[in-house]
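# Fold and geometry: a report
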Amino acid sequence: MTARPYTTPSHPSGKLLFRQLFEKDSSTYTYLLADVSHSDKPAVLIDPVDKTMERDLSLVKELGLKLIYAMNTHVHADHVTGTGLIKSKVPGVKSVISEASKSKADLLIEDGDKLYRICFGEKLVSAFAVVRSTPGHTLGCVTYVTGDGPNQPQPRMAFTGDALLIRGCGRTDFQGGSSNQLYKSVHSQIFTLPKDTLIYPAHDYKGFTVSTVGEEMLYNPRLTRDEETFRNIMENLNLPYPKMIDVAVPANMVCGLQDLSAKPVEAISN
Ligand SMILES: N[C@@H](CCC(=O)N[C@@H](CSS)C(=O)NCC(=O)O)C(=O)O
Ligand SMILES: [Fe+2]
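So, here is what we can say about the structure in this document. Note that the structure is predicted; figures quoted are calculated from it, not measured.

## A word on the overall build of the protein
On a plain count of helices and strands, the protein comes out with 6 helices and 14 strands. When each of the 270 residues of the protein is scored for burial, the buried share is 49%. Restricting to contacts in the protein with at least 6 residues of sequence separation, those with at least 24 account for 60%.

Below, the structure is given as structure tokens:
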């Protein structure tokens, strides 16, 4: 599977490489970010999917990047995360998820944490992303924000997982979901970001690729409403449960499949 050609521009800053990748069965977006201003080219994957792990790792290899983190925005219910398989293929990669998710991972992050790019041995140079806690779709949902602070690669991007979708939002009817909490999270943690912050969600079911905070504050049909109307909307979505929920949630509580007998990434053919 290849990336959608129209969704994979390089980042305009020239220093932060950016790719938006798509997994069609679950309509999931995976994001590849890399700091290409340094020869190590440290990189992270946000919300990789097990099915597209080989595609993603091939891209990392082709671009000469050094993958350091395989990050999850939350415990996904509709697909198995690729973070476990990635760890088994690329030694040294750390899996990341929130402490509040009650999952297992190498790094358990919480609100305000910064994920660093690491160059020159162990020297911490600059933050890749700052964590904002955005529960409501699940208890442990987080949003990763890049470019939020001085000397950070611009523009500012918010990887919102399922908390905020383009012209929509994540459902709140399982995994500790709460419409009141989601409403509060989006308004206090996402809509307070500068209006030109780019919104990159974990899913899209309508053909959208990117939005902005300002655009969603004006046009999101759910989150622009008052809290009671929002609760009514969420209580009446009547969505069927995700087909893979019984497989995906237990697997994702340990950051996905961990096939330790897998071949190293160098052995993956294109
Ligand atoms: N049909 C899909 C699952 C679709 C779904 O429930 N999507 C979730 C995000 S994945 S947990 C959601 O929150 N959707 C919100 C919406 O308004 O659609 C499947 O069977 O996998
Ligand atoms: Fe989800």
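## Remarks on the site of ligand 1
Within the structure, ligand 1 sits among 14 residues, and Asp78, Gly170, Arg171, Pro242 and Lys243 are positioned closest to it. Looking at side-chain class alone, the shell around ligand 1 contains 6 nonpolar, 4 polar and 4 charged residues.

## A closer look at the sheet that holds strand 1 (residues 16–23)
As a general point, the strands of a sheet are linked pairwise by backbone hydrogen bonds and lie either parallel or antiparallel. Strand order across the open sheet formed by 6 strands is 1-2-3-4-5-6, with mixed pairing between neighbours. Strands with a single pairing partner mark the edges of an open sheet, and in this sheet they are strand 1 and strand 6 (107–109). Pairwise comparison of adjacent strand axes, ignoring direction, gives a mean angle of 20° for this sheet. Helix 1 (residues 53–62) contacts strand 1, strand 2 (28–35), strand 3 (42–46) and strand 4 (66–71) of the sheet and is inclined by roughly 20° relative to strand 2.

## As for the pairing of strand 4
Here strand 4 lies mainly inside the structure; 5 of its 6 residues are buried. In this sheet, strand 4 lies alongside strand 3 in parallel orientation, the contact comprising 5 bridges. The residue of strand 4 that forms the bridge with valine 44 is tyrosine 69. As a crossover connection, the stretch from strand 3 through helix 1 into strand 4 is right-handed. Across 3 bridges, strand 4 lies against strand 5 (residues 94–98) in parallel orientation. Within strand 5, the position partnered with tyrosine 69 by the bridge is lysine 94. Handedness of the crossover joining strand 4 and strand 5 through helix 2 (residues 83–89) is recorded here as right-handed.

## Notes on the environment of serine 39
Mapped onto the secondary structure, serine 39 falls in the loop between strand 2 and strand 3. According to the C-beta neighbour criterion, serine 39 is exposed, with 8 such atoms within 10 Å. Separated by 14 residues in the primary sequence, serine 39 and methionine 53 have C-alpha atoms spaced 24 Å apart.

What counts as what
Position numbers for residues start from 1 in each chain and track the written sequence from start to end. Chains and ligands are labelled by the order in which they are written, letters from A for the one and numbers from 1 for the other. Note on the predicted model: pLDDT of at least 70 is required for a residue's local features to be given, and 80 or more for side-chain atom pairs to be given and counted; whole-chain, interface and lining totals, by contrast, use all residues. Under the scheme used here, helices are H or I runs from DSSP no shorter than 4 residues and strands are E runs no shorter than 2 residues, and both carry numbers assigned from the N terminus. As a rule, residues whose C-beta atom has 12 or fewer other C-beta atoms within 10 Å are exposed, those with 20 or more are buried, and those in between are partly exposed; C-beta atoms are placed from the backbone. The contact rule is simple: place each C-beta atom from the backbone, and if two of them lie within 7 Å, those residues are in contact. Nearness here is judged by the C-beta atom: place it from the backbone, and if it falls within 6 Å of a molecule or strand, the residue counts as near that partner. When residues are grouped by polarity, Ala, Val, Leu, Ile, Met, Phe, Trp, Tyr, Cys and Pro land in nonpolar, Asp, Glu, Lys and Arg in charged, and all others, Gly among them, in polar. Pairing between two strands is assigned when DSSP locates at least 2 bridges connecting them. Only the contacting stretch of a helix is used when fitting its axis, a line to C-alpha atoms as for every element, and angles between N-to-C directions run 0 to 180 degrees. By convention, a crossover is right-handed whenever its connection, traced from the first strand over the helix to the second and viewed with the strands pointing away, goes clockwise.

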